[in-house]
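Okay, here's what each chain looks like letter by letter:
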2 protein chains.
Amino acid sequence: MMKLYFSPGSCAFATHLALEEAGASYEAIKLNFKTGEHLTDEYLAINPKGRVPALITSHGVLTETPALLVYIAQVFPESGLIPQGNPFLLAKIQEFNSFLASTVHVAHAHKLRGHRWADEQSSFDDMKRKAPETMHACYKLIEEEMIDGPWVMGETYTICDAYLYTISRWLAGDGVAVSDFPKVENHMKLMAKRPAVQKILPLHP
Amino acid sequence: MMKLYFSPGSCAFATHLALEEAGASYEAIKLNFKTGEHLTDEYLAINPKGRVPALITSHGVLTETPALLVYIAQVFPESGLIPQGNPFLLAKIQEFNSFLASTVHVAHAHKLRGHRWADEQSSFDDMKRKAPETMHACYKLIEEEMIDGPWVMGETYTICDAYLYTISRWLAGDGVAVSDFPKVENHMKLMAKRPAVQKILPLHP
């Protein structure tokens with residue numbers, strides 16, 4: 001059985017949701033970042049990056065959300081989480097997920113994790129002040145250029161939807177009004193109704 | 001024929017190299033960022049993000065390096081740039097590329113592009129001072145945990161190698177001594193000998 005390491009409300013939510021949507025058999029193991037459970041020798045032996053998500057599979061450990069989402073979709077092809085045999089459509093899905101990982105999640109991280117990239121308190125404060133602006137700019141691009149609707153890729157639910165919803169849940173805390181983005185707002189409403197979301201939400205308050 | 005938009009020395013080098021290794025038929029179009037060619041209406045209609053790389057294919061435009069690399073490898077399967085029919089190996093390749101895109105490239109970007117995440121000159125200076133430390137930490141993880149050798153995935157050259165080399169070329173300018181990382185240093189030497197690298201290097205001085 002696969003084991004997913006997660007922390008509540010982190011980006012591991014996307015992988016957790018994909019496992020659930022795929023009907024995978026897995027155990028979800030919660031790490032408490034406040035007590036440093038992600039930095040123990042035991043966990044660093046699993047994921048030397050000290051981050052989540054990490055998924056232990058029968059072949060070995062996997063990390064990084066875009067990689068995990070495609071992996072789950074490929075191992076459970078009957079889930080229909082990615083189109084089969086269409087390199088261009090897969091690339092569009094990957095393009096979207098890569099933007100979330102390397103631009104949107106990174107913009108969000110500057111609100112509380114400025115210490116990754118700077119040393120001074122004044123820099124952390126500056127980054128925190130700017131986070132609402134950068135997150136708003138990211139979601140303006142998503143709204144205007146990337147969501148076909150109702151799902152990210154149009155009529156078909158894919159791994160992009162699990163990942164977008166994960167990050168959209170951070171918007172209110174980042175000082176961004178989701179009502180500025182009607183397609184995203186509708187997407188969040190549709191996502192909240194999915195049984196897989198309702199099942200795992202209690203673990204990600 | 002595909003069209004690749006690039007700027008010299010940018011991360012578009014990885015996609016450029018993959019096209020070359022795959023034997024693709026393509027036109028490479030240079031954008032001069034200093035004169036704002038990436039922000040013209042014409043280019044923003046191609047890539048609203050105003051970044052490179054962007055690849056015009058017969059199906060539409062693709063962006064984001066991890067997505068482009070898998071796409072090229074899948075469209076040219078005879079290139080052997082990714083393993084066929086092995087979801088776990090593909091996921092390991094994607095895990096590596098995703099780490100480069102969302103952690104290593106981002107660490108590098110703080111040297112000169114702090115304005116993406118902050119507003120004050122003091123913050124930009126702080127980020128610039130820290131960039132050598134964060135890039136060193138990234139490459140320590142790559143050296144110790146991620147490169148099997150001689151190539152990233154072991155005996156077989158993959159898209160990971162094109163991407164790693166792209167970013168390794170930035171190390172000296174980032175104040176990191178590649179000699180601290182013997183596997184990476186050897187990787188750079190092997191890469192520099194490849195005909196595809198030698199062919200495109202004049203466009204990426």
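Preceding this paragraph is the structure being described.
Residues numbered from 1 in each chain as written. Chains lettered and ligands numbered in written order. Predicted model: local features only at pLDDT ≥ 70, side-chain atom pairs only at ≥ 80, totals over all residues. Heavy atoms only, no water.

Student: Can you break down helix α4 (residues 87-109) of chain A residue by residue, with the values?
Tutor: Its 23 residues place the ends of α4 of chain A 31 Å apart at the C-alpha level, agreeing with the 33 Å of an ideal helix rising 1.5 Å per residue. Extensive coverage of α4 of chain A is indicated by the burial of 18 of its 23 residues. (Helix = DSSP H or I, 4+ residues; strand = E, 2+ residues; numbered from the N terminus. Expected span 1.5 Å × (residues − 1). Buried < 20%, exposed > 50% of the residue type's maximum accessible area, 1.4 Å probe, protein only.)

Student: Describe the sheet that holds strand β1 (residues 2-6) of chain B, with residues and values.
Tutor: Residues and elements named next belong to chain B. Read from one edge to the other, the open sheet built from 4 strands follows the order β2-β1-β3-β4, with strand pairing classed as mixed. At either end of the open sheet lies a strand with only one pairing partner, and these are β2 (26-30) and β4 (61-63). Recorded for the sheet is a direction-independent mean angle of 20° between the axes of neighbouring strands. Strand direction decides the pairing type here: β1 and strand β3 (residues 54-56), joined by 3 bridges, are antiparallel. Considered in β3, the bridge of Lys 3 is made with Ile 56. (Pairing = 2+ DSSP bridges. Axes fitted to C-alpha atoms, helices over the stretch in contact; angles between N-to-C directions.)

Student: Tell me about the environment of Ile 200 of chain A, residues and numbers included.
Tutor: All names here are of chain A. Position of Ile 200 among the secondary structure elements: in helix α8 (residues 195-200). Taking the C-alpha atoms as reference, Ile 200 lies 7.7 Å from His 16; in sequence the two are 184 residues apart. Sequence-distant contacts of Ile 200, defined by excluding residues within four places in its chain, comprise Phe 13, His 16, Leu 17, Glu 20 and Tyr 26. (Contact = heavy atoms within 4.5 Å.)

Student: Before we move on, could you go through unusual backbone geometry and cite the residues and values that matter?
Tutor: Note the cis peptide between Val 52 of chain A and Pro 53 of chain A, where omega equals 0°. Along the chain, the position of Pro 53 of chain A falls in the loop between α2 (41-46) and β3 (54-56). Pro 150 of chain B follows Gly 149 of chain B through a cis peptide bond whose omega is -5°. Positive phi, normally seen in glycine, also occurs at Glu 64 of chain A, with a value near 80°. Judged by relative accessible area, which is 14%, Glu 64 of chain A ranks as buried.

Student: Which residues make up the relation of the copies chain A and chain B, and what values go with them?
Tutor: The operation relating the two chain copies consists of a rotation about an axis and a shift along that axis. Overlaying chain A with chain B gives an RMSD of 0.0 Å, the required rotation being 180° about an axis along which the chain moves by 0.0 Å. On the angle and the small slide along the axis, the relation comes out as a two-fold axis. Proximity to the rotation axis, assessed at the C-alpha, singles out Ser 102 of chain A in chain A; its C-alpha lies 2.0 Å from the axis. Of all interface residues in chain A, 100% are interface residues in chain B too; the two copies therefore contact each other through one and the same surface. (Least-squares fit on C-alpha atoms with pLDDT ≥ 70 in both.)

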